[in-house]
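Okay, here's what each chain looks like letter by letter:
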Amino acid sequence: MLLFLRKQKYLIDYTLSSLLRRKGKSLGLLAVYTTIVFMLASVTLFTHALRKEAGLMLQASPEIIVQRMQAGRHAMIPADYLQRIGRLRGVMQKAGRLWGYYYDPIVKANYTIMTEGQSDTPLTEIVIGTGIARVQGLDVGDYLTLRSQSGEAFSFQISALLENDSELVSADLLLMSPKAFRRLFSIPEGFYTDLVLSVRNPREVNKVAEKLSQLLPDTRPILRDEVLRTYESVFSWRQGILFVLLLGSVLAFVIFAWDKASGLSAEERREIGILKAVGWETADVMRMKFWEGMVISLTAFLIGYLAAYGHVFFASASLFEPVLKGWSVLYPQFRLTPYVDGLQLATLFFFSVLPYIVATIIPIWRTSIADPDAVMR
Amino acid sequence: MLIQLKDIKKVYNQGKPNEFQAIRGVSMAFEPNRVSCIKGSSGSGKTTLLSMIGCLSRPTSGRIQLGEQVISSLPERFLTDVRRHTFGFIFQRFNLIPGLSVLENVMLPAYPLGLPYKKLVDAARRLLQQFNLASKADNPIEWLSGGESQRVAICRALINDPKILIADEPTANLDSKLSNEFMQLIAELRQSGRTVLLTSHDPEVFDSTVVDRVVEMRDGVVLADVG
Ligand SMILES: Nc1ncnc2c1ncn2[C@@H]1O[C@H](COP(=O)(O)OP(=O)(O)O)[C@@H](O)[C@H]1O
Ligand SMILES: [Mg+2]
């Protein structure tokens with residue numbers, strides 16, 4: 001056992017000194033390798049975190065949203081629709097919601113404004129998402145001015161920042177009193193943006209939706225499940241594009257590794273021959289080269305993964321923004337909640353380390369099983 | 001350890017258009033504790049023969065026996081084991097590994113044996129001392145002169161304490177003064193109980209008094225065997 005360990009240590013020492021001997025080549029390889037791991041890990045971390053956030057967001061959202069449609073457009077819904085729905089079986093709660101998008105030309109971003117509190121909430125108080133706070137450099141106690149459709153300015157004092165598990169939800173969110181909202185958007189009392197219904201039993205959702213369509217023919221029910229599916233397909237589609245790109249680069253990498261290895265330089269081949277001639281077994285050479293591959297790929301994996309982690313969770317995945325997010329709602333810079341799992345790590349490892357090891361070890365094996373008498377010439 | 005060759009043949013690229021028979025039936029024996037030199041013009045098969053004796057390659061047909069052991073039919077794993085414990089090699093081009101220090105180059109053959117580091121370093125330093133290289137132990141191999149490089153190659157060949165030393169054209173890259181010194185080292189090695197097999201077409205080597213026996217080859221067969 002001790003003998004075995006000492007032997008491995010000699011082989012690893014030799015490997016490390018070989019890597020240092022070929023510093024330029026080793027560093028070049030490491031750089032390419034790290035970049036690929038970085039890209040792969042960035043995509044994986046980013047899409048996983050987005051999915052997770054979307055899931056969190058939807059969990060908090062109502063099972064059914066009722067929108068009124070007029071001439072194919074979303075229109076304000078009268079409050080008396082709530083009465084017209086009446087008592088539907090399975091519906092636990094129903095309420096009217098007020099919300100809307102607000103385009104801020106200064107930071108060129110869309111905010112989502114929602115309402116909170118009762119009619120006695122002070123008119124000039126506002127709660128803002130951390131994304132907006134960061135972009136605008138605002139904090140509690142500061143003032144924020146919004147303009148209504150007619151150009152009238154409304155000034156709000158920030159009473160709190162929104163803290164949330166998921167910044168996807170809260171980054172671009174503003175919360176104000178219903179009264180202030182009605183003033184800002186000129187919505188008369190008795191109208192809502194939409195209605196939300198919560199349903200006790202998920203299996204009854206479709207039935208409830210059907211009944212709603214009969215009761216209120218000018219409305220459209222939106223089910224949470226549908227939204228979830230839309231999100232999923234958007235994520236998958238974008239992820240798909242990225243993965244095609246990545247697959248290309250991974251392939252290029254494998255070819256590069258293969259080329260590097262099968263075109264073992266004359267010098268490397270000679271070295272393998274010398275080692276065998278002076279008494280190394282084929283297995284010793286293979287082990288040494290295996291350690292070499294491990295050192296390179298583990299280093300690349302570690303650096304690439306950590307860099308990707310920073311990129312996605314601290315630099316807002318800035319490199320992927322144009323591809324992965326298309327929604328103006330998400331425009332304010334937001335920070336994803338770090339989310340890592342074992343399976344994801346294992347998959348990444350599998351797709352980056354394994355191809356390299358295989359691609360390099362096979363040609364080395366072919367070289368090292370050859371008779372070493374060539375070194376005599 | 002007696003080395004016996006029986007009707008050895010070696011065919012390169014067998015079955016291909018460029019098939020070439022390098023050794024065409026050689027039978028002979030090398031007694032232990034002697035210095036033998038194989039001479040002959042370039043292409044006569046000297047290197048091929050030595051590499052088969054040294055377990056670096058296998059004959060196409062025929063039998064090589066090392067003491068009691070038939071090595072010509074051993075699988076590669078065992079062949080390596082025999083090679084590691086029985087033979088030390090000194091190559092014409094020295095074949096030291098650039099970028100490693102003198103000491104590391106000498107220790108290289110012992111790595112797979114997994115000896116305690118201290119023991120290994122001590123053995124290597126002792127050898128370097130013996131061959132007047134103690135002060136160069138930590139230098140990169142590239143800094144050495146031709147004569148020094150060869151002495152490092154000898155140290156490397158001796159690190160696993162082999163019984164048989166194989167040196168293929170060892171003086172081809174040395175001037176005559178260094179060639180002479182090399183032959184003196186060979187004399188010392190025989191004194192220490194080792195068997196030495198040399199190849200050369202350099203009279204400085206095969207006419208040297210250190211050599212006990214000269215075998216002459218041409219076109220893959222033995223022409224003359226003196227001593
Ligand atoms: N790997 C090989 N493939 C084909 N021919 C070879 C190979 N190695 C050596 N030969 C040929 O075998 C002959 C003997 O070579 P070698 O043993 O190196 O001769 P020497 O060492 O006496 O100069 C030469 O003609 C050489 O060209
Ligand atoms: Mg030769």
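Conventions used here
Residues numbered from 1 in each chain as written. Chains lettered and ligands numbered in written order. Predicted model: local features only at pLDDT ≥ 70, side-chain atom pairs only at ≥ 80, totals over all residues. Heavy atoms only, no water. Helix = DSSP H or I, 4+ residues; strand = E, 2+ residues; numbered from the N terminus. Buried < 20%, exposed > 50% of the residue type's maximum accessible area, 1.4 Å probe, protein only. Contact = heavy atoms within 4.5 Å. Areas by Shrake-Rupley, 256 points an atom, 1.4 Å probe, with all protein chains shown as cover. Near = heavy atom within 4 Å. Polar contact = N/O pair within 3.5 Å; in protein donor to acceptor, adjacent residues only side chain to side chain. Pairing = 2+ DSSP bridges. Buried area = accessible area lost by both parts, 1.4 Å probe. Salt bridge = Lys/Arg side-chain N within 4 Å of Asp/Glu carboxyl O. Nonpolar A, V, L, I, M, F, W, Y, C, P; charged D, E, K, R; others polar. pLDDT = per-residue confidence, 0-100.

A look at the overall build of chain A
Here is step 1 of the chain: Scanning chain A for helices and strands turns up 12 helices and 13 strands.
Here is step 2 of the chain: Looking at chain A residue by residue over its 377 residues, the buried ones come to 46%.
Here is step 3 of the chain: For chain A, the proportion of contacts with a sequence separation of at least 24, taken over those separated by at least 6, is 80%.
Here is step 4 of the chain: As displayed, chain A has an accessible area near 19000 Å², and 62% of this comes from carbon and sulfur atoms.

Looking at the site of ligand 1
Here is step 1 of the chain: The environment of ligand 1 is formed by 13 residues, the closest being A:Arg377, B:Gly43, B:Lys46, B:Thr47 and B:Thr48.
Here is step 2 of the chain: Proximal residues around ligand 1 fall on chains A and B, making this an inter-chain site.
Here is step 3 of the chain: At 2.9 Å from an oxygen atom of ligand 1 is found a main-chain nitrogen or oxygen belonging to B:Lys46.
Here is step 4 of the chain: Within the complex, the protein chains bury 69% of what would otherwise be the 560 Å² of accessible surface of ligand 1.
Here is step 5 of the chain: Mapped onto the shell around ligand 1, the elements with two or more residues apiece are β2 (20-30) and α1 (46-53) of chain B.

Some points on the sheet that holds strand β4 (residues 61-66) of chain B
Residues and elements named next belong to chain B.
Here is step 1 of the chain: Spatially, β2-β1-β4-β5 is the arrangement adopted by the 4 strands of the open sheet, whose pairing is antiparallel. Edge positions in the sheet fall to β2 and β5 (69-70), since each has one partner strand and no second.
Here is step 2 of the chain: Two strands pair when backbone bridges link them, and strand β1 (residues 3-12) and β2 are joined in this way by 8 bridges, in the antiparallel orientation. In the strand pairing of β2, Gln4 is matched with Ala29.

Some words on the interface of chain B and chain A
A common measure of how large an interface is: the accessible area buried when the components associate.
Here is step 1 of the chain: Counting from both sides, the interface comprises 33 residues of chain B and, opposite them, 26 residues of chain A.
Here is step 2 of the chain: A buried area of about 2800 Å², summed over both sides, lies between chain B and chain A, and 57% of it is on carbon and sulfur atoms.
Here is step 3 of the chain: A salt bridge links B:Arg77 to A:Glu281, with the nearest nitrogen and oxygen atoms 3.2 Å apart.
Here is step 4 of the chain: Where chain B meets chain A, there are 14 residue pairs in polar contact (both at pLDDT 80 or more).
Here is step 5 of the chain: Of all the secondary-structure elements, those providing two or more residues to the side of chain B that touches chain A are α1, α2 (76-86) and α4 (117-130) of chain B.
Here is step 6 of the chain: The biggest single contributor to the side of chain B that touches chain A is α2(B), with 5 residues.
Here is step 7 of the chain: Among the residues making up the side of chain B that touches chain A, the classes are represented as 17 nonpolar, 8 polar and 8 charged.

Things to note about helix α6 (residues 178-185) of chain A
Residue and element names in this part refer to chain A.
Here is step 1 of the chain: Burial runs high along α6: 6 of the 8 residues are buried.
Here is step 2 of the chain: Buried within α6 we find Pro178, Ala180, Phe181, Arg182, Leu184 and Phe185.
Here is step 3 of the chain: Close packing links the buried residues of α6 with β5 (99-104), β6 (109-115), β8 (143-147), β9 (153-162), β10 (173-176) and β11 (191-192).
Here is step 4 of the chain: One or two steps after α6, the chain reaches Ser186, where phi turns positive at roughly 55°.

Details of the confidence of the model for chain B
Here is step 1 of the chain: Residues at a pLDDT of 70 or more form 100% of chain B, whose mean pLDDT is 94.
Here is step 2 of the chain: We note a pTM of 0.74 for the whole complex and an ipTM of 0.93 for its interfaces.

Observations regarding the pattern of salt bridges
Here is step 1 of the chain: For the coordinates displayed, the defined rule picks out 25 salt bridges over all chains.
Here is step 2 of the chain: For A:Arg22, the salt bridge identified is with A:Glu271, shortest N-O distance 3.6 Å. With a gap of 249 residues between them, A:Arg22 in the loop between α1 (2-21) and α2 (23-60) and A:Glu271 in helix α9 (residues 266-277) connect regions that are remote in the sequence.
Here is step 3 of the chain: Judged by relative accessible area, A:Glu271 falls into the buried class, the value being 7%.
Here is step 4 of the chain: In this structure, B:Asp81 and B:Arg84 form a salt bridge, with 3.8 Å as the shortest nitrogen-oxygen distance.

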